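Summary of structural features
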Amino acid sequence: MKSPLLALPGAVPAEGTDEGVAAHYGDIFREQRNLAQGTGFVDLSHRGVLTVTGDDRLSWLHLLLTQHVSALPPQQATEALVLSPNGHVEHALYLVDDGTTTWAHVEPGTAPALIGYLESMKFFYRVEVADATADYAVVHLPAGSTASAEGAAAVRELPYGRDLFLPRAELATLTGGYGPAAGVWAYEALRIEAHRPRLGFETDHRTIPHEVDWLSTAVHLQKGCYRGQETVARVHNLGRPPRRLVFLHLDGTEEVLPPHGTEVRLASDPDGRALGVVTSSARHHELGPIALAVVKRNVPVDAVLLAGTVPGTQDVIVPQ
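Residues numbered from 1 in each chain as written. Predicted model: local features only at pLDDT ≥ 70, side-chain atom pairs only at ≥ 80, totals over all residues. Heavy atoms only, no water.

**Overview of the environment of E255**
Rules: Segments assigned H or I by DSSP are reported as helices when at least four residues long, segments assigned E as strands when at least two residues long, and all are numbered from the N terminus.
Tracing the backbone shows E255 in the loop between β13 (243-250) and β14 (263-266). Taking the C-alpha atoms as reference points, E255 and P289, separated by 34 residues in sequence, lie 9.4 Å from one another.

**Quick look at the sheet that holds strand β3 (residues 41-43)**
This is how the line gets drawn: A pair of strands counts as paired when DSSP detects no fewer than two bridges linking them. Residues are treated as being in contact if the distance between any of their heavy atoms lies within 4.5 Å. An axis is simply a line fitted to the C-alpha atoms; with a helix, the fit covers only the stretch in contact. Between two such axes, the angle follows the N-to-C directions and lies from 0 to 180 degrees.
The 5 strands lie next to each other as β10-β11-β9-β3-β12, forming an open sheet whose pairing is mixed. At either margin of the open sheet sits one strand with a lone partner, and together these are β10 (154-158) and β12 (181-182). In terms of strand pairing, strand β9 (residues 136-142) meets strand β11 (residues 161-167) through 7 bridges, oriented antiparallel. Across the sheet, the residue bridging to L141 is R162, located in β11. Packed on one face of the sheet, helix α5 (residues 184-193) meets β3, β9 and β12 and runs near 110° to β3.

**Comments concerning the pattern of salt bridges**
For the record, the criterion: In the sections that follow, a salt bridge refers to a side-chain nitrogen of Lys or Arg positioned within 4 Å of a carboxyl oxygen of Asp or Glu. A 1.4 Å probe rolled over the protein chains alone gives each residue an accessible area, and that area as a share of the maximum for its type sets the label: buried under 20%, exposed over 50%, partly exposed in between.
Overall, the coordinates contain 18 salt bridges when judged by the stated rule. Across the pair E90 and R227 runs a salt bridge, and its minimum N-O distance is 2.8 Å. Separated by 137 residues along the polypeptide, E90 in strand β6 (residues 89-97) and R227 in the loop between α5 and α6 (229-238) bring together distant segments of the chain. Assessed through its relative accessible area of 35%, E90 is described here as partly exposed. Classification of R227 by relative accessible area gives partly exposed; the value is 27%. Residues E211 and R243 are paired through a salt bridge, measuring 3.1 Å at the closest nitrogen-oxygen approach. Separated by 32 residues along the polypeptide, E211 in the loop between α5 and α6 and R243 in strand β13 bring together distant segments of the chain. Accessibility classification places E211 together with R243 in one group, the buried group. Taken together, the shared-partner salt bridges connect D18, R47, E107, E188, R191, R198 and E202 into one network.

**Concerning helix α3 (residues 111-120)**
Note the threshold: What the arc describes is the spread of directions from the helix axis to the C-beta atoms.
Within α3, burial applies to A111, L114, I115, Y117 and L118. One side of α3 holds all its buried residues, which, seen down the axis, span an arc of 160°. On its buried side, α3 packs onto β4 (48-53), α2 (57-64), β5 (78-83), β6, β7 (101-106) and β8 (128-131).

**So, the sheet that holds β5**
In spatial order, the strands read β5-β6-β7-β4-β8; together these 5 strands make up an open sheet with antiparallel pairing. Of all the strands in the sheet, just β5 and β8 have a single pairing partner and so form its edges. Strand-to-strand twist in this sheet, taken as the mean axis angle between neighbours without regard to direction, amounts to 30°. Strand direction decides the pairing type here: β4 and β7, joined by 6 bridges, are antiparallel. Bridge pairing links G48 to V106 in β7. α3 rests against β4, β5, β6, β7 and β8 of the sheet, and its axis sits at about 170° to β8.

As structure tokens, then:
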């Protein structure tokens, strides 16, 4: 679904997962600085939007998700996951309830499969699930923004900004007063800096929540049973996850960023066995080239790593 904001001056379309919105508008570092200073906005209208209505919506979602949402207060944002029976991450939802409707946005292209799963679990519950992507679009305002959210159907208030659910037909009009547009490259650089995992980037078919630090934001460890909960509890109580997410400060002398999937090795053993992969990388306006990677748990935390041919030092996100 191509965004009308691609018609803004300087817009360069994104590719791959983020196709349909702008990668940047001509100056990625200026766009990052604007967001870091609380000005501008990011067009995330390529993301899927779903709604859940009905009297049982929160109690029903509580049974299916990793997060405690049965008593979720209106307007309080949260994150949640859907896990496989073996505890592997299948979906990530970014939620808010407005008192009558639960709104969620999800990764591009994942809404149909998620809705299919939710529909299969309705049983006798008084709930209705709808794909609202054609009617609503997500826009992000950074922390500190004074832009008005008037016209938004729902708002997720976050420590790092606000996610607005805007009527898609009014997207160009409503964003006109939000300040300068920033592309998803700027948004991604700040996401990587903040160590926030992204489904399909920091995850694969084997990922469990512990490996990418989703226990701190998307999993409630004291709630009741949900699909995959046994794995979550067992690893949390008895063991360590087999892999861990790390933040990499990359060597700034290299011209090429290591792309998603680049193998990671020890710098002291460049021909040795791969110990993980780069999951996301970006050029940051202050930190220079940075990346997230998932590596084996036993990789020494003080080891210098090679992301392809690019050396990088680690910041610990998930303890060894």
